Amino acid sequence: MSHTRTSELNAVAQAGEWLAGAQSVVALTGAGVSAESGLPTFRGAGGLWRNRRPETLATPEAFAADPKTVWEWYDWRRSVHAGCSPNPGHHALAELERAKLEFWLVTQNVDGLHEQAGSRRILKLHGDLWKVRCLTCGREERDTRVPIDPLPPYCSCGGMLRPAVVWFGESLSEETLRAAFDAAARADLVLVLGTSSVVYPAAALPRVALERGARVIEINLEPTELSGVAHLSLRGKTGELLPEIVRRAFGGAP
Ligand code: OAD
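About the cut-offs
- Residues numbered from 1 in each chain as written.
- Predicted model: local features only at pLDDT ≥ 70, side-chain atom pairs only at ≥ 80, totals over all residues.
- Heavy atoms only, no water.
- Salt bridge = Lys/Arg side-chain N within 4 Å of Asp/Glu carboxyl O.
- Helix = DSSP H or I, 4+ residues; strand = E, 2+ residues; numbered from the N terminus.
- Buried < 20%, exposed > 50% of the residue type's maximum accessible area, 1.4 Å probe, protein only.
- Core = buried A, V, L, I, M, F, W, Y, C linked by side-chain atoms within 4.5 Å.
- Contact = heavy atoms within 4.5 Å.
- 1 Å grid on protein atoms, 1.4 Å probe; cavity = no way out; pocket = protein on both sides within 12 Å on 5 of 7 lines; lining within 4 Å.
- Points joined across faces, edges and corners; volume = space filled by probe spheres on them.
- Near = heavy atom within 4 Å.
- Polar contact = N/O pair within 3.5 Å; in protein donor to acceptor, adjacent residues only side chain to side chain.
- Areas by Shrake-Rupley, 256 points an atom, 1.4 Å probe, with all protein chains shown as cover.
- Sits in = over half its atoms within 2 Å of the grid points.
- Nonpolar A, V, L, I, M, F, W, Y, C, P; charged D, E, K, R; others polar.
- Expected span 1.5 Å × (residues − 1).
- Pairing = 2+ DSSP bridges.
- Axes fitted to C-alpha atoms, helices over the stretch in contact; angles between N-to-C directions.

S.K.: Outline the pattern of salt bridges, listing residues and values.
M.R.: On inspection of all chains with the given rule, the structure shows 13 salt bridges. Among the ionic pairs, Glu-72 bridges to Lys-68, the shortest N-O distance being 3.1 Å. Remark: Lys-68 and Glu-72 occur in helix H5 (residues 67–82); sequence separation between them is four residues, near one turn of the helix. Accessibility expressed as a relative area gives 41% for Lys-68, which makes it partly exposed. Here Arg-248 makes a salt bridge to Glu-244, at a shortest N to O gap of 2.9 Å. Highlighted residues: Arg-248 and Glu-244, both in helix H10 (residues 238–250), separated by four residues, approximately one helical turn. Taking the relative accessible area as the measure of exposure, Glu-244 reaches 25% and is therefore partly exposed. Ionic contacts of the salt-bridge type, sharing partners, join the residues Arg-78, Asp-143 and Arg-145 into one network.

Here is the structure:
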């Protein structure tokens, strides 16, 4: 067995041991967790749409200037997401929630795959791709039409609907954010999964936990801004490593 393989197994075993012993766990997820379900991440290859970066589409200014184009991007994302299912990483997180008394899943993802896998204690920092909000009356409701036609869609009050997601330059829900930071401050273990850890305030959560003495375990295909300060930084796919870590912590097949 190669040295790399041995140290990888040791790291997985260590992560399993820490997870088994933790009282209060927070998992922070990003687009990488859904990559194995076939969804493109934001910053990797395949993250672009019609050669445009998400940062130029996911803004209130872009929507005000050209709601149809921004809606076309969301409609495209909804159609891609609609054909995807949760992967073993999502299922392992649902299993983890069932195994721990104190657990919060804080996600930056808007795809709905965590709920589909059975997770319930979810704090959605960036909103929900399957909800729309009226710009006039403010009503928010679930909308699972794929495709939406015509675009942009309108509310029954006559106002224009927008995706109920957080755009660049907008504030996150204060209530959700407070709950996420409270959970991170209470946690003795934080798992940081499939996120580039560059978008704040989400990226601050593991750092708050670190300051409070929590252990931080990262799983990512590549090194990130967090890798240097995490107690363990595992290189690999969440859909492969996480089920193994959960299995080691709680036994059985997740
Ligand atoms: P990114 O696209 O920035 O990062 C995805 C990360 O997942 C990268 O670090 C990859 O290396 C890693 N990755 C990819 N496949 C993986 C796998 N199978 N297993 C483990 N890691 C994998 O996505 P986020 O960090 O989620 O915000 O981006 C944060 C926010 O920026 C998003 O929520 C979105 C975006 O703009 C808003 O829309 C407000």
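S.K.: Summarise the nonpolar core; cite the residues concerned and give the values.
M.R.: One finds Leu-19, Leu-93, Leu-189, Leu-191, Leu-193 and Leu-242 to be the most contacted residues of the largest nonpolar core, which totals 27 residues. Those elements that provide at least two residues to this core are helix H1 (3–21), strand E1 (24–29), helix H6 (88–99), strand E2 (102–107), strand E7 (189–193), strand E8 (215–220), strand E9 (232–235) and H10. When residues no more than four places from it in sequence are discounted, the contact partners of Leu-242 are Gly-89, Ala-92, Leu-93, Leu-191, Leu-193, Ile-219 and Lys-237. Among the nonpolar cores identified, the runner-up in size contains 20 residues, and Ala-58, Val-70, Trp-73 and Val-132 belong to it.

S.K.: Outline empty space enclosed by the protein, supporting the account with residue identities and numerical values.
M.R.: Per the stated rule, a full pass over the model turns up three cavities of 30 Å³ or more. The wall of the second largest cavity is formed by Thr-107, Asn-109, Val-110, Asp-111, Gly-112, Leu-113, His-114, Glu-115, Ile-122 and Lys-124. Secondary-structure elements contributing two or more residues to the lining of the second largest cavity are helix H7 (113–117) and strand E3 (122–124). Top element by residues in the lining of the second largest cavity is H7. It accounts for three residues.

S.K.: I'd like a description of the site of the ligand, backed by residues and values.
M.R.: Around the ligand sit 22 residues in total, of which Phe-42, Arg-43, Thr-195, Ser-196 and Asn-220 are the nearest. Contacts to the ligand include Gln-108, whose backbone N or O atom sits 3.2 Å from an oxygen atom. At 2.6 Å from an oxygen atom of the ligand is found a side-chain nitrogen or oxygen belonging to Thr-195. In isolation the ligand offers 800 Å² of accessible surface; the protein chains occlude 92% of this area. Given that more than half its atoms are within 2 Å of the pocket grid, the ligand belongs to the largest pocket. Looking at the shell around the ligand, its residues break down into seven nonpolar, eleven polar and four charged.

S.K.: Give me H5: which residues, what numbers.
M.R.: Across its 16 residues, H5 extends 22 Å between first and last C-alpha, which sits within 8% of the 22 Å expected from 1.5 Å per residue. Residues of H5 that are buried include every one of Pro-67, Thr-69, Val-70, Trp-71, Trp-73, Tyr-74, Asp-75, Arg-77, Arg-78 and His-81, and no others. Looking at the buried side of H5, the elements it contacts are helix H3 (54–57), helix H4 (60–65), strand E4 (127–134) and strand E6 (161–165).

S.K.: I'd like to hear about the sheet that holds E2, residue by residue, with values.
M.R.: With respect to topology, six strands assemble into an open sheet ordered E3-E2-E1-E7-E8-E9, the strand pairing being parallel. The sheet is open, and its two borders are formed by E3 and E9, each paired with just one other strand. In this sheet, neighbouring strand axes are inclined to one another by 15° on average, regardless of whether the strands run parallel or antiparallel. Where E1 meets E7, five bridges bridge the pair, whose relative direction is parallel. Note that in E7 the partner of Ala-27 across the bridge is Leu-191. Against the sheet, H10 contacts E7, E8 and E9, and its axis sits at roughly 140° relative to E8.

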